[in-house]
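These are the residues of each chain, in order.
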Amino acid sequence: MEYREIADTGWKASVIGLGTEHLDGKPYETVEETIHEAMKQGINMMDLFMPGDEVRKNIGRAIAGNREKFLIQGHICSTDINEQYDISRDLDTVKRYFENLLRHLDTDYIDFGMLFFIDTEENFKDVFETEILRYAQDLKRQGVVRRLGASSHNPVTARRIVETGEIDLLMFSINPAFDMMGADMILDDMVESVASASGIEPARAALYQACERQGVSISVMKTLGAGKLLSKEHSPFGDALSVGQCIHYALERPAVVSTLLGCKSAEEVRHAVSYFDLNDEEKDYSEIISNTEGNFQGSCVYCNHCLPCPVDIDIASVNRYLDIALLDKNNIPKSIVQHYSSLKAHGSDCIRCGSCEGRCPFSVPVTQRMETAAAVFGE
């Protein structure tokens, strides 16, 4: 397993995490074998948004004696008042369901108190301009919630959340198709949206860069696009991506620390972590997503298809930090300058051999970008 630092928490997230939605309705034996296999594989990130009593009790029973091995995302405002997944902004109801979560997990703390499902302006106001936020802040002050987070599917709203400075972790939907879809698109429109797209959707790119600037980490949901990306018939790219390719894409986005896979068996956990057994060619998604004419051309998607570089420049990282710096060249975040400086080689080390540009499936002017990076970062 590999791990990444989460914001400024001092904690490290397993880059593959466990989404537990598909354990809902499963017998305890299935829940136990899945969670125990996750522990065995070194997975420590777990998302638990489901509000039902049975699944919460089963997960609590499965982690008994091993609570400290998991960083749990527990959601504030997730309810099942009508015996189905629901959202409540009624403070008393929110409190009841969150206290229920603690009780069923038999724990006195949740690592990340996730403000649940904030997709619209109305959602934002109902949480960040009400007692809901103050309740979450009180939980954090008491140590019942160690850090605050939020979940969103809308890049515009998510960016607004990030820029409040209230959260350390954003749970957000990321995959190569979603990155080409507008903020108002839905999953069923994936094929049509991608077919008419012209690259990474600007609001999503801006969100990832905002997270880097603010020091907010991202945990990823919808990595597989509800399974559509794994099907040639339903994929908007005209070909199926593999689970490993989808994981790799998500992990190469700025600020991402963990991609949460919805596993419902020990076998599915093992399949997810088999990502680490793949070679670079098997992880590479660039040829498939470049099949959609016009998409991503000229834009670095941080896929590292351009490597190896004869002078060992990590081209994707240079481009990622440059994209963030170019948002405001006169006010580059110190953390971005430090990250760039810590690279083994920099833009100024480029020898303009052009080998990277010959391999780039998106026609990125890499040597020009390296020159720009050297100028922007004052080399």
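As the structure is a computational prediction, the values presented were derived from the model and not from experiment. (Residues numbered from 1 in each chain as written. Predicted model: local features only at pLDDT ≥ 70, side-chain atom pairs only at ≥ 80, totals over all residues. Heavy atoms only, no water.)

A. Structural view of the packing of helix α1 (residues 28-40) against helix α10 (residues 266-273). Running from N to C, α1 and α10 cross one another at 30°; their axes reach a closest spacing of 8 Å. In this view, α1 runs roughly parallel relative to α10, as classed from their interaxial angle. Crossing handedness for the pair α1 and α10: right-handed. For the pair α1 and α10, the contacting residues are Glu33, Thr34, Glu37 and Ala38 in the first and Ala266, Val269 and Arg270 in the second. (Axes fitted to C-alpha atoms, helices over the stretch in contact; angles between N-to-C directions. Helix = DSSP H or I, 4+ residues; strand = E, 2+ residues; numbered from the N terminus. Parallel < 35°, antiparallel > 145°, perpendicular 65-115°, else oblique. Left-handed = near helix turned anticlockwise from the far one by under 90°. Contact = heavy atoms within 4.5 Å.)

B. Spatial organisation of the nonpolar core. Counting 105 residues, the largest nonpolar core has Ile35, Ile59, Phe98 and Leu115 as the members making the most contacts within it. Not counting chain neighbours up to four residues away, the residues in contact with Ile35 comprise Leu18, Leu23, Met46, Ile59, Ala62, Ile63 and Phe70. Counting residues in hydrophobic clusters, the runner-up holds twelve residues, among them Met114, Met221, Val257 and Leu260. (Core = buried A, V, L, I, M, F, W, Y, C linked by side-chain atoms within 4.5 Å. Buried < 20%, exposed > 50% of the residue type's maximum accessible area, 1.4 Å probe, protein only.)

C. Examining the sheet that holds strand β4 (residues 45-48) more closely. Read around the closed barrel, the eight strands follow the order β3-β4-β5-β8-β9-β10-β11-β12; overall the barrel is parallel. Strand-to-strand twist across the sheet, computed as the mean angle between neighbouring axes with direction ignored, equals 30°. (Pairing = 2+ DSSP bridges.)

D. Main features of the side chain of His104. Topologically, His104 is positioned in helix α3 (residues 91-105). At 3.1 Å, the side chain of His104 and the side chain of Asp53 are in polar contact. Apart from residues no more than four positions distant in its own chain, His104 is found in contact with Asp53, Arg56, Lys57 and Gly60. (Polar contact = N/O pair within 3.5 Å; in protein donor to acceptor, adjacent residues only side chain to side chain.)

E. Structural detail: the pattern of salt bridges. Going through the model one piece at a time under the given rule, you end up with 16 salt bridges. A salt bridge links Arg146 to Asp111, with the nearest nitrogen and oxygen atoms 2.6 Å apart. Of this pair, Arg146 sits in strand β9 (residues 145-152) while Asp111 sits in strand β8 (residues 110-115), placing them 35 residues apart in sequence. Note that Glu129 and Arg160 form a salt bridge whose closest N and O atoms lie 4.0 Å from each other. Remark: Arg160 occurs in helix α6 (residues 155-162) and Glu129 occurs in the loop between α4 (121-128) and α5 (131-142); sequence separation between them is 31 residues. Put simply, Glu121, Lys125, Glu129 and Arg160 are held in one network by salt bridges that share partners. (Salt bridge = Lys/Arg side-chain N within 4 Å of Asp/Glu carboxyl O.)

F. Structural context of the packing of α4 against α6. Where α4 meets α6, the axes come as close as 10 Å, and the angle between the chain directions of the two elements is 25°. Considered as vectors, α4 and α6 are oriented roughly parallel to each other. The way α4 lies across α6 gives a crossing that is right-handed. Taken together, the residues of α6 that come into contact with α4 (itself represented by Glu121, Phe124 and Phe128) are Thr157, Arg160 and Ile161. The residue inventory of the contact of α4 with α6, partitioned by class, reads three nonpolar, one polar and two charged. (Nonpolar A, V, L, I, M, F, W, Y, C, P; charged D, E, K, R; others polar.)

G. Region of interest: the packing of aromatic side chains. A complete count under the given rule lists eight aromatic pairs for this structure. Plain terms: the ring middles of Phe172 and Tyr208 are 6.4 Å apart, the flat faces sit at 75° to each other, and that makes the pair edge-to-face. Residue Phe172 is located in strand β10 (residues 169-173), and its partner Tyr208 is located in helix α8 (residues 202-214); the two are separated by 36 residues in the primary sequence. With relative accessibility at 0%, the residue Phe172 sits in the buried group. Between Tyr340 and Phe377 the ring centres are 3.9 Å apart and the planes differ by 10°, which places this aromatic pair in the stacked class. Here the residue Tyr340 occupies a position in helix α14 (residues 334-341), and Phe377 occupies one in the segment after α16 (366-376), the gap between them amounting to 37 residues. With respect to burial, Tyr340 and Phe377 carry one shared label: buried. Aromatic ring contacts, followed pair by pair, group Phe49, Phe116 and Phe117 into a single cluster. Taking NZ or CZ as reference, Arg61 lies 3.7 Å from the ring centre of Tyr28, over its face. Its end group placed over the ring of Tyr321, Arg320 keeps NZ or CZ at 5.3 Å from the ring centre. (Phe/Tyr/Trp six-rings, centres within 6.5 Å; stacked < 30°, edge-to-face > 60°. Lys NZ or Arg CZ within 6 Å of the ring centre and 35° of its normal.)

H. Focus on α6. Pro155, Thr157, Ala158, Ile161 and Val162 are the residues of α6 that are buried. One side of α6 holds all its buried residues, which, seen down the axis, span an arc of 160°. Against α4, β9, β10 and α8 lie the buried residues of α6. (Arc of directions from axis to C-beta.)

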